[in-house]
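Here's the letter readout for the chains.
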Amino acid sequence: MSSTTSDGMFSWLPGVQKPLIVSAPMLGASNGTLAAEVSKAGGLGIVPLGMDFTPGGAGLKTMASELATARRVLGPSAPLGAGFLTFHGSVGRFAESAIPMLREHNVTVAWLFAPDRDAENAGAAPHAEIIAALHGAGIKAMVQVGSVAAAREAAREGADVIVAQGTDAGGHQFACGAGVVSLVPEVRDMLDEEFAGRGIGLVAAGGIADERGVAAALVLGKRAANQRALRSAVACADVKWIGADAAVMGTRFLASEESTAGGHYRKAILEGKDGGQLTVKSTFHDDIRQTVVWPQLYDGRAIINKSYEEHVSGVTFEENRKKYQEAVSSGDGTRLVTWSGTALGLVKEVLPAGEIVRKVREGARQRIQKVQSGL
Ligand SMILES: Cc1cc2nc3c(=O)[nH]c(=O)nc-3n(C[C@H](O)[C@H](O)[C@H](O)COP(=O)(O)O)c2cc1C
């Protein structure tokens, strides 16, 4: 049986169970119901996704309705997160437009990702004002980053949790990044050395799709060598986890019953294998869709489709774009942009989101216990 985190790390998330599993906010693929089922199972569900902070705008209205749905499932006080992309020109209005909505739905923690560093006034602390506004409203801040420098910056800005996102991740990420196996321990060391005593949580994201990935992420710290710490961590006593404190999964939840990923999308995830070959990290996926314009710092990982293959083989962008538009209007899925992490080969069945959380959490606990007893 899992123990809860009423004390120690994540004490501000009452009722969540260790090891903590977090569902990523996934624009177009997750929703309030999925997030609520994750939280209901003792994880932390993050509702997607605010991006345009113009007061009264359509984006925040949709988010408010997803938060209301989540609260109907969860009740008024269980832990719940809300995810935001922070590169939009209207981000300066976050406090005015997003905070009242977060308060209304009693959101516990806001997930922030992808500030535009080239934007006027972004400077070296692009999230500082937002985090101060969140803290003023009694809401915690978790910031997703893809480098040690960005993790340090987020910690300086006041982040309560750092999500260290490795390059195996599905969807958008730092164009210049590292895998979880090197990123998480380096961020852990940095936090221990430079921010000791702040109790900043560290969460691993990217390529984690089952209990093996979660267990590995949890022991990616120096203290793994320390028998006592490891034993305490396994027993879920009141100590910090020794590598990451928790794990995020995105791609795994694309194959949950609650995900809004369509039939073609889900089939591609379930049938996909060998993700390093099948997916690619590129800015081309956004270019061909011409929807949201992401800042230069980021690209995205998606399944290689016909458009990408033709791009590589030299088809002009104009011709490629025309074919993409034709495919979209005729319902031809072969050119769909299907964001996915490299771990899709580990995703083999569709399950309710709550069952995914329980299965992965218990599997990770057992795995760590087995390894520890054999040390
Ligand atoms: C379909 C999809 C959509 C995503 N959308 C977002 C998003 O809107 N905001 C965000 O911060 N991260 C987004 N991500 C990235 C996740 O936050 C997370 O880093 C990633 O899913 C972790 O890697 P994994 O997919 O291998 O589990 C998305 C990922 C996927 C797969």
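## Structural notes on the domain arrangement of the chain
Part 1: Taken domain by domain, the chain comprises domain 1 (20-258 + 348-373) and domain 2 (263-345).
Part 2: Domain 1 and domain 2 are separated by 25 Å when their C-alpha centres are compared.
Part 3: Contacts between the two partners involve 27 residues from domain 1, matched on the other side by 22 residues from domain 2.
Part 4: At the boundary of domain 1 with domain 2, total buried surface from both sides reaches about 2,200 Å², with 64% on carbon and sulfur atoms.

## A closer look at the sheet that holds strand E8 (residues 201-205)
Part 1: Strand order in this closed barrel of eight strands is E1-E2-E3-E4-E5-E6-E8-E9, and the pairing throughout is parallel. Within this sheet the neighbouring strands show an average axis-to-axis angle of 25°, counted without direction.

## Let's talk about the packing of helix H5 (residues 148-157) against helix H6 (residues 180-194)
Part 1: At their nearest, the axes of H5 and H6 sit 10 Å apart, and the two run at 35° to each other. Where H5 crosses over H6, the two elements pack in a sense that is right-handed. Contacts from Val148, Ala151, Arg152 and Ala155 of H5 reach H6 at Leu183, Glu186, Val187, Met190, Leu191 and Glu194.

## Let's talk about the environment of Gly42
Part 1: Tracing the backbone through its elements, the reader meets Gly42 in the loop between helix H1 (32-40) and strand E2 (44-50).
Part 2: Linking Gly42 and Gln17, residues 25 residues apart in sequence, is a C-alpha distance of 5.1 Å.
Part 3: Every residue in contact with Gly42, bar those within four places of it in the chain, is listed here: Gly15, Val16, Gln17, Leu20 and Arg361.

## Looking at the nonpolar core
Part 1: Ranked by size, the top nonpolar core spans 115 residues in total, and within it Phe84, Leu102, Leu134, Ile162, Val187 and Phe253 carry the most contacts.
Part 2: Two domains each donate at least three residues to this core, and these are domain 1 (20-258 + 348-373) and domain 2 (263-345).
Part 3: Apart from the residues lying within four places of it in its own chain, the contact partners of Phe253 are Ile21, Val22, Ser23, Met26, Leu34, Val38, Ser259, Ala353, Ile356 and Val357.

## A short note on the pattern of salt bridges
Part 1: In total, this model carries 15 salt bridges according to the counting rule given.
Part 2: Where Arg188 meets Asp192, a salt bridge forms, and the shortest distance between an N and an O atom there is 3.7 Å. Taken together, the residues span about one helical turn, with Arg188 and Asp192 both in helix H6 at a distance of four residues.
Part 3: On the basis of relative accessible area, Asp192 is assigned to the partly exposed category, the value being 24%.
Part 4: Lys359 serves as the salt-bridge partner of Glu349, at 3.0 Å between the closest nitrogen and oxygen. Here Glu349, found in the loop between helix H14 (317-330) and helix H15 (353-373), pairs with Lys359, found in helix H15; they are ten residues apart in sequence, far enough to count as distant.
Part 5: A relative accessible area of 45% places Lys359 in the partly exposed class.
Part 6: Here the salt bridges share partners, and the residues they tie into one network are Glu310, Glu319, Lys323 and Arg335.

## Focus: the sheet that holds strand E7 (residues 171-174)
Part 1: What the three strands build is an open sheet, ordered E7-E11-E10; its pairing is antiparallel. Each edge of the open sheet carries a strand with a single partner, namely E7 and strand E10 (279-282). Pairs of neighbouring strands in the sheet enclose a mean axial angle of 30°, with direction left out of account.
Part 2: Where E10 lies against strand E11 (residues 298-303), four bridges are found, and the strand directions are antiparallel. Residue pairing for E11: Ser282 is matched across the bridge by Gly300.

## Some details on H1
Part 1: With respect to burial, H1 is a largely interior element, seven of its nine residues being buried.
Part 2: Taken together, the buried positions of H1 are Gly32, Leu34, Ala35, Ala36, Glu37, Val38 and Ser39.
Part 3: Summarising the contacts, the buried residues of H1 are in contact with strand E1 (20-23), E2, helix H2 (58-74), helix H9 (251-254) and H15.
Part 4: Once H1 finishes, Gly42 follows within two positions and takes phi at roughly 90°, a positive value.

## Re unusual backbone geometry
Part 1: The step from Lys18 to Pro19 runs through a cis peptide bond, and the omega angle for that step is -10°.
Part 2: Position of Pro19 among the secondary structure elements: in the segment before E1.
Part 3: We note that Asn106 has phi near 50°; this positive angle belongs to a residue other than glycine.
Part 4: Of note, Gln290 is a non-glycine position whose phi angle comes to about 50°, a positive value.
Part 5: Take Gln290: it is sitting in the loop between helix H12 (284-289) and E11.
Part 6: Looking at Gln290, the relative accessible area reads 48%, which means it is partly exposed.

About the cut-offs
- Residues numbered from 1 in each chain as written.
- Predicted model: local features only at pLDDT ≥ 70, side-chain atom pairs only at ≥ 80, totals over all residues.
- Heavy atoms only, no water.
- Domains from an automatic or database assignment.
- Contact = heavy atoms within 4.5 Å.
- Buried area = accessible area lost by both parts, 1.4 Å probe.
- Pairing = 2+ DSSP bridges.
- Helix = DSSP H or I, 4+ residues; strand = E, 2+ residues; numbered from the N terminus.
- Axes fitted to C-alpha atoms, helices over the stretch in contact; angles between N-to-C directions.
- Left-handed = near helix turned anticlockwise from the far one by under 90°.
- Core = buried A, V, L, I, M, F, W, Y, C linked by side-chain atoms within 4.5 Å.
- Buried < 20%, exposed > 50% of the residue type's maximum accessible area, 1.4 Å probe, protein only.
- Salt bridge = Lys/Arg side-chain N within 4 Å of Asp/Glu carboxyl O.

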